Amino acid sequence: MIEAAGVAEVTDADFEAEVIRADLPVLVKFTADWCPPCRQIAPVLSAIAAEEGERLKVVQLDVDTNPRTTQAYGVLSMPTLMVFRDGQPVKSMVGARPKRRLLEELADVL
């Protein structure tokens, strides 16, 4: 999978280090290569990563190659966007959405 600009790929192996122990809130996109809405939201997340990089870390996790993390957080639909703060999931959203709406939904965690 190609890394979108500013959106790093995380795996089952480094999820704890990159997400759970992160200093910033982390927006995790649970994604899959076969998912059209996942591709649709990719440029939105790249833009948010570029603009909010000092306040929010944005990463993505491929559900097909990382089943442990996917199952641990009960992810059933793609894309699922989950925000982690201090190692805990604090917000979950399912489906692609425009940038303005996503920023509104993230306002309380930024």
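Residues numbered from 1 in each chain as written. Predicted model: local features only at pLDDT ≥ 70, side-chain atom pairs only at ≥ 80, totals over all residues. Heavy atoms only, no water.

Bringing the overall build of the protein chain into the picture now. Each helix and strand counted, the protein chain has 4 helices and 5 strands in total. Each helix and strand of the protein chain, placed in order from N terminus to C terminus, yields the pattern β-α-β-α-β-α-β-β-α. A globule of 110 residues ought to have a C-alpha radius of gyration of about 13 Å, and the protein chain, at 12 Å, matches this closely. Expressed along its principal axes, the backbone C-alpha trace of the protein chain runs to roughly 30 × 30 × 20 Å. Going through the 110 residues of the protein chain one by one, you find that 45% of them count as buried. Taking the contacts inside the protein chain whose residues are at least 6 apart along the sequence as the reference set, 71% of them involve residues at least 24 apart. Accessible surface computed for the protein chain: about 5,800 Å², of which carbon and sulfur atoms make up 52%. (Helix = DSSP H or I, 4+ residues; strand = E, 2+ residues; numbered from the N terminus. Rg over C-alpha atoms; globule rule 2.2 N^0.38 Å. Buried < 20%, exposed > 50% of the residue type's maximum accessible area, 1.4 Å probe, protein only. Contact = heavy atoms within 4.5 Å. Areas by Shrake-Rupley, 256 points an atom, 1.4 Å probe, with all protein chains shown as cover.)

With 17 residues, the main nonpolar core has Phe-15, Val-19, Val-28, Phe-30 and Met-78 as its most contacted residues. Those elements that provide at least two residues to this core are α1 (15-20), β2 (26-31), β3 (57-62) and β4 (80-85). Considering every element that reaches this core, the biggest residue donor is β2, with 3 residues. For Met-78, the contacting residues outside a window of four places in its chain are Phe-30, Thr-31, Ala-32, Trp-34, Cys-35, Cys-38 and Val-63. Counting residues in hydrophobic clusters, the runner-up holds 15 residues, among them Ile-48, Ala-49, Leu-56 and Val-83. (Core = buried A, V, L, I, M, F, W, Y, C linked by side-chain atoms within 4.5 Å.)

Functional significance is not addressed by these values, which are geometric in nature.
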